[in-house]
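The residues making up each chain are set out below.
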Amino acid sequence: MPKVGMEPVRRKALVDAALRVIGDHGSLAVTMSDIARQAGVSPALAHHYFGSKEQLLIETIRSLLRQLRSDTVVALKAARTPRARLSAVIRVSFHADQFAPETIAAWLAFYAEAQRSEETRRFLVIYARRLRSNLLADLKVLLPADAAERIAEGAAAMIDGLYIRQSLKSAPIGIEASIALTEDYLNALLRGFGR
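Right, let's walk through the structure included here. (Residues numbered from 1 in each chain as written. Predicted model: local features only at pLDDT ≥ 70, side-chain atom pairs only at ≥ 80, totals over all residues. Heavy atoms only, no water.)

### Quick look at helix α8 (residues 145-168)
What counts here: Here a helix means four or more residues in a row that DSSP labels H or I, a strand means two or more in a row labelled E, and each is numbered from the N terminus. What a helix is expected to span follows from its residue count: subtract one and scale by 1.5 Å. Only protein chains enter the accessibility calculation, which uses a 1.4 Å probe. A residue is then buried if its area is under 20% of the maximum for its type, exposed if over 50%, and partly exposed in between. Contact definition: two residues touch when any of their heavy atoms are within 4.5 Å.
In this model α8 runs 35 Å from its N-terminal to its C-terminal C-alpha over 24 residues, within 8% of the 34 Å that 1.5 Å per residue would give. Turning to α8, its buried residues are A147, A148, I151, A152, G154, A155, A156, I159, L162, Y163 and Q166. The elements touched by buried residues of α8 are α5 (82-93), α6 (101-113), α7 (118-142) and α9 (175-191).

Laid out in C-alpha coordinates, this is it:
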(Lines give C-alpha, C1' and ligand atoms only; values in the text may rest on other atoms or scores of the structure.)
Protein backbone atom coordinates (compact mmCIF):
# COMPACT_ATOMS: atom_id res chain seq x y z
CA MET A 1 0.00 0.00 0.00
CA PRO A 2 1.52 3.38 -0.98
CA LYS A 3 2.28 5.81 1.84
CA VAL A 4 -0.29 8.55 2.33
CA GLY A 5 0.84 11.84 0.83
CA MET A 6 3.46 10.22 -1.38
CA GLU A 7 1.35 10.11 -4.54
CA PRO A 8 2.31 13.56 -5.91
CA VAL A 9 5.97 12.94 -5.12
CA ARG A 10 6.02 9.52 -6.74
CA ARG A 11 3.97 10.62 -9.74
CA LYS A 12 6.47 13.44 -10.37
CA ALA A 13 9.40 11.04 -9.90
CA LEU A 14 7.87 8.69 -12.46
CA VAL A 15 7.25 11.50 -14.97
CA ASP A 16 10.83 12.75 -14.51
CA ALA A 17 12.12 9.19 -14.89
CA ALA A 18 10.04 8.68 -18.04
CA LEU A 19 11.57 11.81 -19.54
CA ARG A 20 15.11 10.59 -18.77
CA VAL A 21 14.49 7.04 -20.03
CA ILE A 22 12.81 8.24 -23.23
CA GLY A 23 15.67 10.68 -23.75
CA ASP A 24 18.27 7.97 -23.20
CA HIS A 25 16.52 5.58 -25.61
CA GLY A 26 15.59 8.28 -28.11
CA SER A 27 12.18 6.68 -28.54
CA LEU A 28 9.05 5.68 -26.70
CA ALA A 29 10.08 2.02 -26.99
CA VAL A 30 10.67 1.81 -23.25
CA THR A 31 8.91 -0.30 -20.68
CA MET A 32 7.14 0.61 -17.48
CA SER A 33 9.83 -1.45 -15.74
CA ASP A 34 12.57 0.73 -17.28
CA ILE A 35 10.82 3.86 -16.06
CA ALA A 36 10.05 2.44 -12.61
CA ARG A 37 13.67 1.33 -12.17
CA GLN A 38 14.88 4.84 -13.07
CA ALA A 39 12.42 6.31 -10.53
CA GLY A 40 13.44 3.83 -7.84
CA VAL A 41 9.99 2.28 -7.49
CA SER A 42 8.43 -1.04 -8.44
CA PRO A 43 6.67 -1.50 -11.78
CA ALA A 44 3.52 -2.38 -9.80
CA LEU A 45 3.63 1.01 -8.09
CA ALA A 46 4.11 2.75 -11.44
CA HIS A 47 1.04 0.91 -12.77
CA HIS A 48 -0.86 1.83 -9.60
CA TYR A 49 -0.28 5.55 -10.21
CA PHE A 50 -0.70 5.64 -13.99
CA GLY A 51 -2.49 2.48 -15.04
CA SER A 52 -0.45 2.04 -18.19
CA LYS A 53 2.71 3.18 -19.90
CA GLU A 54 0.60 5.16 -22.37
CA GLN A 55 -1.01 7.15 -19.55
CA LEU A 56 2.42 7.83 -18.03
CA LEU A 57 3.71 9.02 -21.40
CA ILE A 58 0.70 11.32 -21.82
CA GLU A 59 1.33 12.75 -18.36
CA THR A 60 4.98 13.27 -19.29
CA ILE A 61 4.09 15.37 -22.32
CA ARG A 62 1.50 17.25 -20.25
CA SER A 63 4.20 17.96 -17.70
CA LEU A 64 6.54 19.36 -20.36
CA LEU A 65 3.75 21.57 -21.71
CA ARG A 66 2.74 22.78 -18.23
CA GLN A 67 6.33 23.74 -17.44
CA LEU A 68 6.74 25.52 -20.78
CA ARG A 69 3.47 27.39 -20.24
CA SER A 70 4.40 28.36 -16.69
CA ASP A 71 7.84 29.61 -17.75
CA THR A 72 6.26 31.56 -20.62
CA VAL A 73 3.69 33.25 -18.38
CA VAL A 74 6.40 34.36 -15.94
CA ALA A 75 8.65 35.62 -18.75
CA LEU A 76 5.85 37.51 -20.49
CA LYS A 77 4.79 39.21 -17.25
CA ALA A 78 8.35 40.49 -16.78
CA ALA A 79 8.64 41.88 -20.34
CA ARG A 80 7.55 45.50 -20.77
CA THR A 81 7.30 46.02 -24.54
CA PRO A 82 6.03 43.96 -27.48
CA ARG A 83 9.61 43.43 -28.69
CA ALA A 84 10.75 42.38 -25.21
CA ARG A 85 7.83 39.95 -25.06
CA LEU A 86 8.94 38.39 -28.35
CA SER A 87 12.43 37.96 -26.94
CA ALA A 88 10.94 36.40 -23.81
CA VAL A 89 9.08 33.80 -25.88
CA ILE A 90 12.27 32.98 -27.77
CA ARG A 91 14.36 32.73 -24.59
CA VAL A 92 11.81 30.48 -22.88
CA SER A 93 11.73 28.21 -25.94
CA PHE A 94 15.43 27.51 -25.40
CA HIS A 95 15.34 27.46 -21.60
CA ALA A 96 17.87 25.00 -20.16
CA ASP A 97 15.15 22.58 -18.97
CA GLN A 98 13.47 22.50 -22.38
CA PHE A 99 16.74 22.37 -24.35
CA ALA A 100 18.37 19.59 -22.30
CA PRO A 101 19.42 16.64 -24.49
CA GLU A 102 16.97 14.18 -22.87
CA THR A 103 14.11 16.67 -23.18
CA ILE A 104 14.87 17.29 -26.84
CA ALA A 105 15.02 13.54 -27.46
CA ALA A 106 11.68 13.12 -25.67
CA TRP A 107 10.05 15.91 -27.73
CA LEU A 108 11.21 14.21 -30.93
CA ALA A 109 9.95 10.84 -29.71
CA PHE A 110 6.58 12.44 -29.02
CA TYR A 111 6.53 13.93 -32.53
CA ALA A 112 7.16 10.46 -33.96
CA GLU A 113 4.42 9.01 -31.73
CA ALA A 114 2.00 11.71 -32.91
CA GLN A 115 1.90 9.93 -36.28
CA ARG A 116 0.17 7.02 -34.52
CA SER A 117 -1.47 8.54 -31.45
CA GLU A 118 -4.25 11.09 -31.78
CA GLU A 119 -3.87 12.13 -28.14
CA THR A 120 -0.15 12.81 -28.52
CA ARG A 121 -0.81 14.70 -31.75
CA ARG A 122 -3.42 16.80 -29.97
CA PHE A 123 -0.90 17.86 -27.30
CA LEU A 124 1.69 18.79 -29.91
CA VAL A 125 -0.89 20.84 -31.79
CA ILE A 126 -1.62 22.67 -28.53
CA TYR A 127 2.11 23.42 -28.17
CA ALA A 128 2.34 24.71 -31.76
CA ARG A 129 -0.74 26.89 -31.36
CA ARG A 130 0.53 28.38 -28.10
CA LEU A 131 3.92 29.21 -29.58
CA ARG A 132 2.32 30.78 -32.64
CA SER A 133 -0.18 32.71 -30.55
CA ASN A 134 2.49 34.03 -28.19
CA LEU A 135 4.58 35.25 -31.11
CA LEU A 136 1.66 36.58 -33.09
CA ALA A 137 0.14 38.61 -30.26
CA ASP A 138 3.11 40.98 -30.12
CA LEU A 139 4.04 40.85 -33.79
CA LYS A 140 0.54 42.15 -34.62
CA VAL A 141 1.25 45.19 -32.45
CA LEU A 142 4.40 45.90 -34.46
CA LEU A 143 3.43 44.87 -38.01
CA PRO A 144 0.56 44.51 -40.46
CA ALA A 145 -1.42 41.33 -39.81
CA ASP A 146 -0.23 39.40 -42.89
CA ALA A 147 3.44 40.13 -42.13
CA ALA A 148 2.93 39.25 -38.46
CA GLU A 149 1.41 35.89 -39.46
CA ARG A 150 4.28 35.07 -41.83
CA ILE A 151 7.00 36.07 -39.35
CA ALA A 152 5.34 34.16 -36.49
CA GLU A 153 5.26 31.02 -38.65
CA GLY A 154 8.91 31.51 -39.61
CA ALA A 155 10.08 32.10 -36.04
CA ALA A 156 8.15 29.05 -34.78
CA ALA A 157 9.62 26.92 -37.58
CA MET A 158 13.09 28.18 -36.73
CA ILE A 159 12.65 27.28 -33.06
CA ASP A 160 11.43 23.79 -33.93
CA GLY A 161 14.19 23.39 -36.52
CA LEU A 162 16.88 24.29 -34.01
CA TYR A 163 15.54 21.55 -31.73
CA ILE A 164 15.89 19.05 -34.55
CA ARG A 165 19.42 20.17 -35.33
CA GLN A 166 20.35 19.97 -31.66
CA SER A 167 18.95 16.44 -31.42
CA LEU A 168 20.89 15.32 -34.47
CA LYS A 169 24.03 17.07 -33.24
CA SER A 170 24.52 17.92 -36.91
CA ALA A 171 25.42 21.44 -35.90
CA PRO A 172 26.00 21.62 -32.16
CA ILE A 173 24.05 24.72 -31.31
CA GLY A 174 23.83 25.76 -27.68
CA ILE A 175 21.16 27.76 -25.94
CA GLU A 176 22.67 31.21 -26.48
CA ALA A 177 23.53 30.52 -30.13
CA SER A 178 19.97 29.29 -30.77
CA ILE A 179 18.51 32.38 -29.14
CA ALA A 180 20.87 34.62 -31.14
CA LEU A 181 19.97 32.95 -34.45
CA THR A 182 16.25 33.32 -33.80
CA GLU A 183 16.68 36.93 -32.65
CA ASP A 184 18.74 37.70 -35.77
CA TYR A 185 15.95 36.31 -37.94
CA LEU A 186 13.34 38.39 -36.14
CA ASN A 187 15.47 41.55 -36.15
CA ALA A 188 16.17 41.31 -39.88
CA LEU A 189 12.49 41.01 -40.70
CA LEU A 190 11.41 43.73 -38.28
CA ARG A 191 14.01 46.11 -39.73
CA GLY A 192 12.35 45.61 -43.10
CA PHE A 193 9.30 47.29 -41.58
CA GLY A 194 11.28 50.05 -39.88
CA ARG A 195 11.04 48.36 -36.45
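### Quick notes on the pattern of salt bridges
What counts is decided by this rule: The term salt bridge refers to a side-chain nitrogen of Lys or Arg lying within 4 Å of a carboxyl oxygen of Asp or Glu.
Counting across every chain of the model gives 12 salt bridges. For K12, the salt bridge goes to D16, with nearest N and O atoms at 2.8 Å. With a gap of 4 residues between them, K12 and D16 both fall in helix α1 (residues 7-25), about one helical turn apart. One salt bridge connects R132 with E149, and the closest N-O pair in it is separated by 2.1 Å. Here E149 lies in helix α8 and R132 lies in helix α7, a separation of 17 residues in the sequence. Take R132: its relative accessible area is 26%, and that puts it in the partly exposed class. Salt bridges here are not isolated pairs; linked through shared partners, they connect E59, R62 and R66.

### As for the nonpolar core
Our working rule: Among buried residues, those of type Ala, Val, Leu, Ile, Met, Phe, Trp, Tyr and Cys that are joined through side-chain atoms within 4.5 Å constitute a nonpolar core.
Judged by nonpolar contacts, the single largest core of 63 residues is most densely connected at L14, I22, F110, L135 and L139. The contact partners of L139, leaving out residues within four places of it in the chain, are L86, A148, I151, A152, L186 and L190.

### A word on the side chain of T103
Structurally, T103 can be placed in helix α6. Residue T103 is classed as buried on the basis of its relative accessible area of 2%.

### Re a nonpolar patch on the surface
Put simply, the rule reads: Patch membership needs two things, relative accessible area over 30% and no salt bridge, and members are linked within 9 Å if like-charged or within 5 Å if nonpolar (Val, Leu, Ile, Met, Phe, Trp, Tyr). Every accessible area reported is derived by Shrake-Rupley at a probe size of 1.4 Å, with residue values counting cover from the shown protein chains alone.
Together, L108, Y111, I164 and L168 make up a nonpolar patch on the protein surface, roughly 350 Å² of accessible area in all. One can find L108 in helix α6. Here L108 falls in the partly exposed class, since its relative accessible area comes to 30%.

### Quick word on the environment of A180
With respect to the helices and strands, the residue A180 is situated in helix α9. Judged by relative accessible area, A180 falls into the partly exposed class, the value being 35%. Considered as a pair, A180 and R91 are 89 residues apart in the sequence and their alpha carbons are 9.4 Å apart.

### Brief notes about the side chain of T72
By the secondary structure assignment, T72 is in helix α4 (residues 53-78). We classify T72 as buried; its relative accessible area is 10%. If we skip the residues at most four places from it in the chain, T72 touches V92 and N134.

### Details of the environment of L86
Relative to the elements of secondary structure, L86 occurs in helix α5. Those residues within four positions of L86 in sequence are excluded, and the remaining contacts are L135, D138, L139, L142 and L186.

### A short note on the packing of α7 against α8
When two helices pack together, their arrangement is given by the angle between the helix axes and by the axis-to-axis distance. Where we set the bar: The convention used is that axes are lines fitted to C-alpha atoms, helices contributing only their stretch in contact, and that angles between N-to-C directions extend from 0 to 180 degrees. Our angle categories are set so that under 35 degrees counts as roughly parallel, over 145 as roughly antiparallel, 65 to 115 as roughly perpendicular, and the remainder as oblique. Each crossing gets its hand from how the near helix is turned against the far one by less than a right angle, where anticlockwise is left-handed and clockwise is right-handed.
Contact geometry for α7 and α8: axes closest at 9 Å, N-to-C directions at 135 degrees. It follows that α7 is oblique to α8 by the angle criterion. Relative to α8, the crossing made by α7 is right-handed. Taken together, the residues of α8 that come into contact with α7 (itself represented by Y127, L131, R132, L135, L136, L139 and K140) are A148, E149, I151, A152, E153, A155, A156, I159 and D160.

### What to know about the packing of aromatic side chains
The geometry of an aromatic ring pair is captured by the separation of the ring centres together with the interplanar angle, meaning the angle of the planes. The condition is simple: Planes of paired rings set the category: under 30 degrees apart is stacked, over 60 is edge-to-face and the rest tilted, where pairs are Phe, Tyr or Trp rings (Trp by its six-membered ring) whose centres lie within 6.5 Å.
Within this structure, the stated rule accounts for 4 aromatic pairs. With a centroid separation of 5.9 Å and an interplanar angle of 20 degrees, the aromatic rings of F94 and Y163 are classed as stacked. A residue pair is termed long-range when its members are at least 10 positions apart, and F94 in the loop between α5 and α6 and Y163 in helix α8 qualify at 69 residues. Grouping residues by exposure puts F94 and Y163 together as buried. Geometrically, the ring pair formed by F99 and Y163 is edge-to-face, given 5.0 Å between the ring centres and 85 degrees between the ring planes. Here the residue F99 occupies a position in the loop between α5 and α6, and Y163 occupies one in helix α8, the gap between them amounting to 64 residues. For F99, a relative accessible area of 5% gives the class buried. Residue Y163 is classed as buried on the basis of its relative accessible area, which comes to 10%.

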